[in-house]
Amino acid sequence: MLVFILGAVMAIVDFEIQKRYSFANGTSFGNTGSYEQIDAVAHYAVDPASLANQEIVDLASTKRGADGLVHYEGDVTVLRPVDPNRSRRAALVEVPNRGYRTAGSLFNRAPRLVEPTPEIDPGDGFLFRHGWTMAWCGWQWDVPRSDGRMGLTAPLVVDDMGEEIDAEVQLRLQIHQQAMSVDLTDHHVGLLGGHQPLPTRDLNDASARLLRRDGIWGEPEEMPRSSWSFARGDVSGQPVPDPDHVWLSTGFEPGRIYDLVYRTPHCPVVGVGLLAVRDLGAFLRSEKVSNPCSGELDHLIATGQSQCGRFLRTSLHLGLNRDEDGNAVYDGLLVHIAGGRRGEFNHRVGQPSVQPTPSFGHRPPFADDPQLDPHSGSTEGLLDRQRELGHVPKVFFTDTSSEYWRGDASLAHTSMLDGSDIEPPATTRRYLFSSTQHSPGMLPLTSHSIFGSQGANYFNTVDYTPLMRAAITNLLAWIADGVEPPPNAIPRTSDGSAVSREAVVDSLEAIEGLARPAPSGLVTIRPLDLGPGEPDGIGTYPAQPVGAAYPCLVSAVDESGNEIAGIRLPEVAAPVATNTGWNPRHPTTGGVGQILDYVGSTLPLARDRDTRTVAGDPRLSIAERYIDEDDYRFRLRQQAELLLADRYLLAEDIATCESIALQRYRAFVELK
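These numbers come from a predicted model, not from an experiment. Residue positions are counted from 1 within each chain, in the order its sequence is given. In keeping with the predicted nature of the model, local features appear solely for residues at pLDDT of at least 70, side-chain atom pairs appear and are counted solely at 80 or more, and the whole-chain, interface and lining totals rest on all residues. No hydrogens and no water enter the side-chain calculation; it runs on all heavy atoms of the structure.

Visitor: Lay out the sheet that holds strand β15 (residues 245–252) in plain terms, naming residues and giving numbers.
Guide: Within a sheet, adjacent strands bond to each other through the backbone by hydrogen bonds, running parallel or antiparallel. Strand order in this open sheet of three strands is β9-β15-β12, and the pairing throughout is antiparallel. Strand pairing shows two members of the sheet lacking a second neighbour, β9 (179–183) and β12 (228–229), which therefore form its edges. What makes two strands pair is DSSP finding at least two bridges between them. Numbering of helices and strands runs from the N terminus; a helix is a DSSP stretch of H or I covering at least four residues, while a strand is a stretch of E covering at least two. Relative to β15, β9 runs antiparallel, the two sharing four bridges. Bridge pairing links Ala179 to Phe252 in β15.

Visitor: Outline the sheet that holds strand β10 (residues 209–213), listing residues and values.
Guide: Within the open sheet, the four strands sit side by side as β8-β16-β10-β11. Their pairing is antiparallel. Of all strands in the sheet, those bounded by a partner on one side alone are β8 (167–173) and β11 (221–222). Summarising the sheet, β10 and strand β16 (residues 257–264) pair through five bridges and their orientation is antiparallel. Opposite Arg212, over in β16, you have Tyr258 as the bridge partner.

Visitor: Go over the packing of aromatic side chains, please, and point to the residues and values.
Guide: Two rings from Phe, Tyr or Trp (for Trp, the six-membered ring) form a pair when their centres are within 6.5 Å of each other. A pair whose planes differ by under 30 degrees is stacked, one over 60 is edge-to-face, and the rest are tilted. Applying the stated rule across the entire model yields 21 aromatic pairs. Aromatic pair Phe366 and Tyr550: ring centres 5.5 Å apart, planes at 75°, arrangement edge-to-face. One end of the pair, Phe366, is in the loop between β18 (332–336) and β19 (371–372); the other, Tyr550, is in the loop between β25 (544–545) and β26 (554–555), and 184 residues separate them in sequence. Only protein chains enter the accessibility calculation, which uses a 1.4 Å probe. A residue is then buried if its area is under 20% of the maximum for its type, exposed if over 50%, and partly exposed in between. With relative accessibility at 1%, the residue Phe366 sits in the buried group. A relative accessible area of 4% means that Tyr550 is categorised as buried. An aromatic cluster is built from Phe23, Phe29, Tyr35 and Phe128, whose rings are joined through pairwise contacts. Note on criteria: charge over ring means Lys NZ or Arg CZ within 6 Å of the ring centre, with the direction from the centre no more than 35 degrees off the ring normal. Over the ring of Trp478 we find Lys394; its NZ or CZ atom is 5.6 Å from the centre of that ring. In this structure, Arg526 is placed above the aromatic ring of Trp217, and the distance from its NZ or CZ to the ring centre is 5.2 Å.

Visitor: Break down the pairing of strand β6 (residues 133–137) for me, citing the residues and quoting the values.
Guide: Burial analysis of β6 places five of its five residues in the buried class, the great majority of the element. Alternating positions in β6 separate into two faces, Thr133, Ala135 and Cys137 on one and Met134 and Trp136 on the other, with burial throughout. Relative to β6, strand β5 (residues 90–94) is paired through four bridges, and the arrangement is parallel. Paired with Glu94 across the strands is Trp136, a residue of β6.

Visitor: Give me the nonpolar core: which residues, what numbers.
Guide: Counting residues in hydrophobic clusters, the biggest one holds 79 residues, and the most contacted among them are Tyr44, Trp228, Phe252, Leu260, Tyr262 and Leu280. Per-element accounting of this core gives the leading share, nine residues, to helix α3 (residues 272–285). Contacts are assigned to residue pairs with any non-hydrogen atoms lying within 4.5 Å of each other. If we skip the residues at most four places from it in the chain, Leu260 touches Val169, Gln170, Leu171, Leu184, Arg209, Leu210, Trp228, Phe230 and Val246. Here the nonpolar core consists of buried residues drawn from Ala, Val, Leu, Ile, Met, Phe, Trp, Tyr and Cys, with membership extended through side-chain atoms lying within 4.5 Å. Within the second largest apolar cluster, 45 residues are counted, among which are Phe126, Tyr464, Ala471 and Cys657.

Visitor: Any details on the layout of surface pockets? Residues and values, ideally.
Guide: Empty space among the atoms becomes apparent when a probe as large as a water molecule is rolled across them. Within this scheme a cavity is a closed region of a 1 Å grid, computed over the protein atoms alone, that accommodates a 1.4 Å probe without allowing it to escape, whereas a pocket is open but has protein on both sides within 12 Å along at least five of seven lines; lining residues each have an atom within 4 Å of a point. Grid points are joined across faces, edges and corners, and a volume is the space filled by probe spheres set on the points. One number sums up the size of the second largest pocket: a volume of about 640 Å³. Together, 32 residues line the second largest pocket, and Arg112, Leu192, Ser439, Ile450 and Phe451 are the ones closest to its centre. Polar here means any residue outside two lists: the nonpolar Ala, Val, Leu, Ile, Met, Phe, Trp, Tyr, Cys and Pro, and the charged Asp, Glu, Lys and Arg; Gly therefore counts as polar. The residue makeup of the lining of the second largest pocket, split by class, is 16 nonpolar, 14 polar and two charged.

Visitor: Go over the side chain of Asn291, please, and point to the residues and values.
Guide: By secondary structure assignment, the location of Asn291 is in the loop between α3 and β17 (299–305). A residue is classified by how much of its surface remains accessible, and Asn291, at 3% relative accessible area, is buried.

Visitor: Quick rundown of the environment of His188? Include the residues and the values.
Guide: Examined against the element boundaries, His188 turns out to sit in the loop between β9 and β10. On the accessibility criterion, His188 (15% relative accessible area) is buried. Separated by 265 residues in sequence, His188 and Ser453 place their C-alpha atoms 9.2 Å apart. Apart from the residues within four sequence positions on either side, His188 is in contact with Arg98, Ser353, Val354, Gln355, Pro356, Phe451 and Tyr598.

Visitor: Break down the pairing of β5 for me, citing the residues and quoting the values.
Guide: For β5, the buried fraction is high: five of the five residues fall into the buried class. Burial along β5 is two-sided: Ala90, Leu92 and Glu94 facing one way and Ala91 and Val93 facing the other are all buried. Both β5 and β17 contribute to a ladder of five bridges, which runs parallel. Along β17, the bridge assignment pairs Ala90 with His299.

Visitor: Please give an account of empty space enclosed by the protein that cites residues and values.
Guide: Per the counting criterion, the structure on display carries 11 cavities of 30 Å³ or more. In this structure, the largest cavity occupies an estimated 100 Å³ of space. Along the walls of the largest cavity sit Leu274, Val277, Arg278, Leu312, Ser315, Leu316, Leu320, Asn321, Tyr330 and Leu333, which together make up its complete lining. When residues of the lining of the largest cavity are traced back to their parent elements, those giving at least two are α3 and α4 (307–317). Class assignment for the residues of the lining of the largest cavity results in seven nonpolar, two polar and one charged. Computed from the structure, the second largest cavity encloses a volume of approximately 60 Å³. In terms of lining, the second largest cavity is formed by Glu168, Val169, Gln170, Glu344, His347, Arg348, Val349, Gln351 and Tyr541.

Visitor: If you had to explain the side chain of Arg625 to someone new, which residues and values would you point to?
Guide: By the secondary structure assignment, Arg625 is in helix α11 (residues 622–625). Residue contacts for Arg625: discarding those within four places in its chain leaves Glu559, Ser560, Pro575, Leu605, Arg619, Leu620, Asp631 and Arg635.

Visitor: Residues and numbers for the packing of α3 against α4, please.
Guide: Helix-helix packing: each pair is described by the crossing angle between the helix axes and the interaxial distance. Axis geometry follows a simple rule: fit a line to the C-alpha atoms, using only the stretch in contact for helices, then measure angles between N-to-C directions, giving values from 0 to 180 degrees. The geometry of α3 relative to α4 is characterised by a closest axis approach of 11 Å and an angle of 85° between their N-to-C directions. Relative to α4, the element α3 lies roughly perpendicular. Together, Gly273, Leu274 and Val277 of α3 and Phe311, Thr314 and Ser315 of α4 make up the contact between the two elements. Classifying every residue of the contact of α3 with α4 gives three nonpolar, three polar and no charged. Oblique is the label for every angle not falling under 35 degrees (roughly parallel), over 145 degrees (roughly antiparallel), or within 65 to 115 degrees (roughly perpendicular).

Visitor: So what's going on with the packing of helix α12 (residues 629–645) against helix α13 (residues 654–669)? Which residues, and what values?
Guide: Packing of α12 against α13 leaves a shortest axis separation of 10 Å and a crossing angle of 140°. The hand of the α12/α13 crossing is right-handed. Contacts between α12 and α13 pair Glu629, Tyr632, Arg633, Leu636, Arg637, Ala640, Glu641 and Leu644 from the former with Ile654, Glu658, Ala661, Leu662, Tyr665 and Arg666 from the latter. Classifying every residue of the contact of α12 with α13 gives eight nonpolar, no polar and six charged. It is the rotation of the near helix from the far one that decides the hand of a crossing: anticlockwise by less than a right angle makes it left-handed, clockwise makes it right-handed.

Visitor: So what about α4? Which residues, and what values?
Guide: Of all 11 residues making up α4, 11 are buried, and the element is well covered by its neighbours. Turning to α4, its buried residues are Gln307, Cys308, Gly309, Arg310, Phe311, Leu312, Arg313, Thr314, Ser315, Leu316 and His317. Positive phi shows up at Gly319, right after α4, with a value of about 70°.

Below, the structure written as structure tokens:
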């Protein structure tokens, strides 16, 4: 084990290398050659008085070292070319999603992780063939750390006497199967979660409340305190006192929403995770001999998907793209599937994995430039503080249809007042991947997710990973070579491609076999009141809506039910199915008519005219659209060439798109 002691000017004061070894058994990747993997623990020390750290909630209310700084540590992984002279001199720093290193599945088409593994699958080696250095930074305080899951140990908030404090927390539960008890941790990501629980301070806390409602904005019903307890169910379902669980005498019903509000004795400074990602970037740029990439990098791009895209939006909002010395950190950001939201990354007892719970991350600003919030009367933009401080990075925002259908993505480029278009600033690009769901789709057809949920339709099968490879390539060309990226590709009211969700649902009514969401099941984003402590990151829970919903727009659809706005992959432009960004809950899981988080729908076209006539399907069948597989391949190639010309697709991925689409064609023509 190697430990490097760094100068005080760096927020990383120790870089503790635990392992250093050949990556992928020494595989050589194209002209770049082989890579090495470095697993380390970064030890951070930050100054609460520094202007660069002023936005971090509770940072000044925790214990300090003898040097007057706040100390914490987190996991780091670096993959670098063994011969840096053959590298691209650019690093992609990923914010790990719930501790998982996921960039490989998005850019290298590696298998998607469903459980922690210490090995990094190189996939087809796209990033390595192109000479990228890669790094991952543990940042999330409640991730159970292991060889395959990266996290951070955050300092705890203390009072004036140096004693650890407790704080109020809200835990939202919406389960898919009946249960007598559940553990006190976020559940909406199912088996991918397993986060550290937030125990109760007092098993008999009389002030704790359990609320039940139907739908996100349903009127809450408070459950009698005598009907529930902090306990786990034994084999017979009876309660056994336990500070890490909540038990309900009638059981938790699937599909219904429960809010547990209580006090927990564990109160971390959640926002240090934001500083860790900033300070790892600053370290990798440095010329310290302890930096394994010293002198090897000219450009740095941070990326994060879903939770971690919202994390990067939060970092931008707080102006954190400069270090304690005032230097720029990241040249660019690729913010993926974040929509218009931020998250619980910088307030007292924030739960970083929480996505659907209305809270701090569900409020304006949504758009980059300042705009008026008609409800609060304030005018604010996401980039305001970063512009004030300087070092605004170039940013790509990439979203799928799911982020639009959950109610928030259109707010990033439309008016909060009336939904009219707002053009993104020159330093950003926004792209909708048409007719896609939150994660890249795959075969075989299934309606059961890794999150434990079940859809009323098959899940969306459109695989958009080729678009991600073009995006990261275009972003680096913009930064390194000054090549303007392709134009924004988003729904717009001005050309009629942006419409209401209700209009799209109504237009699909004639398609037999496609379960549609109920109007009441469509999530809306509403102004929130989080109480008097809100500016200090201390909320009053649950948040109360204080006005009508903000406008929500999605892409209009064509005659096959596929979206017309955004970047249309060949398999969307030459369809063999209707593909959506939404999927209603299966009736057996409760919450009928509500849409599921993250997933879309795929309803294959009928095989031929006779089959669709019997089914009463108004959509042209596969055989009516294409003569045979060769004809379909020709149509795919035409669509791919159009994307190549517009630089939304790389030449090397034309064959990839063709292969992906042909798999769907063959699977769907065989359906009975």
